[in-house]
Amino acid sequence: MLLLHAPPSPFLRALLRYNNHNHHSSRAFFISLSHFTKPFSIATRSFSHSRRSSLIPMNGHGLAAGVSSSEHFTGDWYSVPELRLRDHRFTVPLDHSQGSHSSPKITVFAREVVAAGKEEQKLPYLLYLQGGPGFECRQPTESSGWVQKVCAEFRLILMDQRGTGLSTPLTVSSMSQFKSADELADFLKHFRADNIVTDAEFIRVRLVPDAGPWSILGQSYGGFCAVTYLSFAPQGLKQALITGGIPPIGGGCTADSVYKAGFEQAIHQNEKYYKRFPQDIKIVQELVNYLAEKEGGGVALPSGGFLTPRGLQTLGLSGLGSSAGFESLHYLFERVWDPTLVPGAPKKISYNFLSSFEKWLAFDTNPLYALMHESIYCQGSASKWSANSTRTEVEDKFDAIRAAKEGLPVLFTGEMIFPWMFDEIHALKPFKDAAHILAEKKDWPPLYDVQVLNNNKVPVAAAVYYEDLYVNFKLAMETASQIAGIRLWITNELMHSGLRDDGNKVIDHLLGMLNGRKPLF
């Protein structure tokens, strides 16, 4: 439930003037969103005429300072170094297709960010779509990196996608409120890109002056959402920037092709890792043998979970695909074992390592990622634990216990979620049944419209990373060929984390491709 504060006195004075001089204009007006009829629909929205009235003082854009309503609450401006920020909370339908009156409500949070001193300027809007699924936007602590670059010319909107951050967060504790796995799965089906885009449109028409179009920047899964946006709401877009996030758009479930390519790329990344740190081959082999020989095939984790050889392999999710990932993984293995302080004491894995292992995974803070990950590849078909079934085809290469016994390098896996994680990871155990229900769900609605993408008119520029562990280069190029007018920057100088690592360069290059500074040839 939103806490709605009373409007400040300047607003009340303006409202009184408005009522005295414009009492005959109090009728509602409507904004049509008929372009959302496929594959999902948004009920026509009504707004008080005063929302767009020029008689209400605006702060350089479409909402008066401190205005609140049943749908939208705006906070006061506050500061971090060289930036000014304010918070927006929107009450949206859980299921947009049911309309605002029939559907239960959730909250979507968005943080407005401008360079200090630009609060009153009429800046174009840019919406940032975070990677994931199931991860919130990072809170800005200063003006730096890509945020600084964007705020030089845009009014930045950081939207926590539904279920994350401050947008009705689906946490380990909050999801425990559901009485059954069926109820939870039925709730979770509304947390994919289709509804994320509908939330964005809900926000745009209430935030941007005259409900005008805005630019979007999609990183990783945020890029998937951007392509969904291009498919079903291109009227809301001025331009789209995508970094490491061009999705496969085929019908049915494309997860099998994604994970087949993913295992191939993981093998390549493992080879590079062990060439960099060959001393880790024996360390990992020793650790796998130790785990395999323990009762139950593993050891207890601090949280109550269980570390097995296959669980150890999931360190590749973070360690193999981002800048400094190799180094971080290597330094993690430096502190695997406790020192022998007492002669004859048994060998033991250090608490430091076990604790660090759990922090790498982040499933305790963002369980939505594990629950929804495979569904992002589904349109009218079930995933059926695609990563797990695909792994059986390459198990000769990813069998950790056999590799360790035969003196071969133990390979880490990439961005994959396996059903046994809901047995071994303590934070995920309560959601095991719901995860199985989602894996068998067949009637996922469409996420992309290939025909619309073939006739796209929105300017699009995308950074495609040649050795991307998370978004396969070949599959990304196949999709790019279906998006009319898209311009690609293909590079192997950056990894999937390119926006974080060198945001100024990435944003400058993509904007340059759209504003004419980067020639077509």
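Before reading on, note that the structure itself is shown above.
Since the model is a prediction, treat every value here as computed from it, not as a measurement.

Lay out the overall build of the protein chain with the relevant residues and their values.
If you tally the helices and strands in the protein chain, you get 21 helices and 16 strands. Looking at the protein chain as a whole, 56% of its 521 residues qualify as buried. For the protein chain, restricting intrachain contacts to residue pairs at least 6 apart in sequence, the fraction spanning at least 24 positions comes to 74%. Carbon and sulfur atoms provide 53% of the accessible area of the protein chain, an area that totals close to 22300 Å².

An account of the side chain of glutamate 424 is needed here, citing residue identities and associated values.
Tracing the backbone shows glutamate 424 in helix H16 (residues 421-424). A distance of 2.8 Å separates polar atoms of two side chains, one belonging to glutamate 424 and the other to threonine 308. Among the polar contacts listed, one links the side chain of glutamate 424 to the side chain of arginine 310, at a separation of 2.8 Å. The contact partners of glutamate 424, leaving out residues within four places of it in the chain, are Gly305, Phe306, Thr308, Arg310 and Gly311.

Can you tell me about empty space enclosed by the protein, naming the residues and giving the values?
What the rule picks out here adds up to six cavities of 30 Å³ or more. For the largest cavity, the calculated volume is near 160 Å³. As for the largest cavity, its lining consists of 18 residues, and the residues nearest its centre are Val258, Leu469, Tyr470, Val471 and Asn472. Elements with a contribution of two residues or more to the lining of the largest cavity: helix H6 (255-276) and helix H19 (473-480). Counting contributing residues, the lining of the largest cavity receives three or more from each of domain 1 (72-249 + 447-515) and domain 2 (254-339 + 346-440). By volume, the second largest cavity amounts to about 80 Å³. Taken together, Ala370, Leu371, Glu374, Ser375, Ser383, Trp385, Ile417, Ala435, Leu438, Ala439 and Trp444 make up the lining of the second largest cavity. Mapped by element, the contributors of at least two residues to the lining of the second largest cavity are helix H12 (367-372) and helix H17 (432-440). Sort the elements by how many residues they give to the lining of the second largest cavity and H17 lands first, with three residues. Considering only residue class, the lining of the second largest cavity consists of eight nonpolar, two polar and one charged.

Could you give an account of the layout of surface pockets, naming the residues involved and the relevant values?
The computed volume of the largest pocket comes to approximately 1300 Å³. Taken together, the elements giving at least two residues each to the lining of the largest pocket come down to helix H2 (145-151), helix H9 (316-319), helix H10 (325-333), helix H11 (351-361) and helix H20 (498-501). Partitioned by chemical class, the residues of the lining of the largest pocket number 16 nonpolar, 17 polar and six charged. No fewer than three residues from each of domain 1 (72-249 + 447-515) and domain 2 (254-339 + 346-440) sit in the lining of the largest pocket.

Residues and numbers for H17, please.
An α-helical segment advances 3.6 residues per turn. Residues three or four places apart therefore align on the same side. For H17, the set of buried residues is Ala434, Ala435, Leu438 and Ala439. Each buried residue of H17 sits inside an arc of 140° when the element is viewed along its axis, so together they form one side. Turning to H17, the residues buried within the fold contact helix H3 (181-188), H12 and H16.

Could you give me a rundown of unusual backbone geometry, with the residues and numbers involved?
With an omega dihedral of 5°, the bond running from glycine 132 to proline 133 counts as a cis peptide bond. At serine 220, a residue that is not glycine, the phi angle is positive and equals roughly 55°. Looking at the secondary structure, you find serine 220 in the loop between strand E9 (214-219) and helix H5 (221-232). Exposure remark for serine 220: the relative accessible area of 12% places this residue in the buried category. The phi dihedral of tryptophan 385 is positive, around 55°, even though this residue is not glycine.

Got a sec to walk through the packing of H6 against helix H13 (residues 386-393)? Specific residues and values, please.
Two numbers describe how H6 lies on H13: the axes approach to 9 Å, and their chain directions differ by 50°. The orientation of H6 relative to H13 falls into the category oblique. For the pair H6 and H13, the crossing hand works out as right-handed. Where H6 approaches H13, its residues Ala255, Asp256, Tyr259, Lys260 and Phe263 are matched on the opposing element by Ser386, Ala387, Thr390 and Arg391. Split by residue class, the contact of H6 with H13 holds four nonpolar, two polar and three charged.

Any details on the pattern of salt bridges? Residues and values, ideally.
Applying the stated criterion across every chain, the model contains 21 salt bridges. Residues glutamate 71 and arginine 206 are paired through a salt bridge, measuring 3.1 Å at the closest nitrogen-oxygen approach. Taken as a pair, glutamate 71 in the loop between strand E2 (45-47) and strand E3 (72-74) and arginine 206 in helix H4 (residues 193-207) lie far apart in primary sequence, 135 residues in all. Of the residues examined, arginine 206 reaches a relative accessible area of 0% and is grouped as buried. Note that arginine 276 and glutamate 327 form a salt bridge whose closest N and O atoms lie 2.6 Å from each other. Within this pair, whereas arginine 276 is found in helix H6, its partner glutamate 327 is found in helix H10, the two being separated by 51 residues in sequence. Residue classification places arginine 276 among the partly exposed residues on the basis of a relative accessible area of 44%. Glutamate 327 sits in the partly exposed class, given a relative accessible area of 27%.

Please set out the environment of proline 234 residue by residue, giving values where relevant.
Here proline 234 is to be found in the loop between H5 and strand E10 (237-243). Linking proline 234 and lysine 457, residues 223 residues apart in sequence, is a C-alpha distance of 8.1 Å. When neighbours within four sequence positions are excluded, proline 234 is seen to be in contact with Tyr229 and Val458.

Quick one: what's the story with the environment of leucine 447, residue by residue and with numbers?
One can find leucine 447 in the loop between H17 and helix H18 (450-454). For the pair formed by leucine 447 and tyrosine 229, sequence separation is 218 residues and the distance between their alpha carbons is 9.1 Å. Each residue touching leucine 447, except ones within four places of it in the same chain, is listed here: Arg192, Ala193, Asp194, Thr228, Ser231, Phe232, Ile376, Cys378 and Gln379.

Cut-offs applied
- Residues numbered from 1 in each chain as written.
- Predicted model: local features only at pLDDT ≥ 70, side-chain atom pairs only at ≥ 80, totals over all residues.
- Heavy atoms only, no water.
- Helix = DSSP H or I, 4+ residues; strand = E, 2+ residues; numbered from the N terminus.
- Buried < 20%, exposed > 50% of the residue type's maximum accessible area, 1.4 Å probe, protein only.
- Contact = heavy atoms within 4.5 Å.
- Areas by Shrake-Rupley, 256 points an atom, 1.4 Å probe, with all protein chains shown as cover.
- Polar contact = N/O pair within 3.5 Å; in protein donor to acceptor, adjacent residues only side chain to side chain.
- 1 Å grid on protein atoms, 1.4 Å probe; cavity = no way out; pocket = protein on both sides within 12 Å on 5 of 7 lines; lining within 4 Å.
- Points joined across faces, edges and corners; volume = space filled by probe spheres on them.
- Domains from an automatic or database assignment.
- Nonpolar A, V, L, I, M, F, W, Y, C, P; charged D, E, K, R; others polar.
- Arc of directions from axis to C-beta.
- Axes fitted to C-alpha atoms, helices over the stretch in contact; angles between N-to-C directions.
- Parallel < 35°, antiparallel > 145°, perpendicular 65-115°, else oblique.
- Left-handed = near helix turned anticlockwise from the far one by under 90°.
- Salt bridge = Lys/Arg side-chain N within 4 Å of Asp/Glu carboxyl O.

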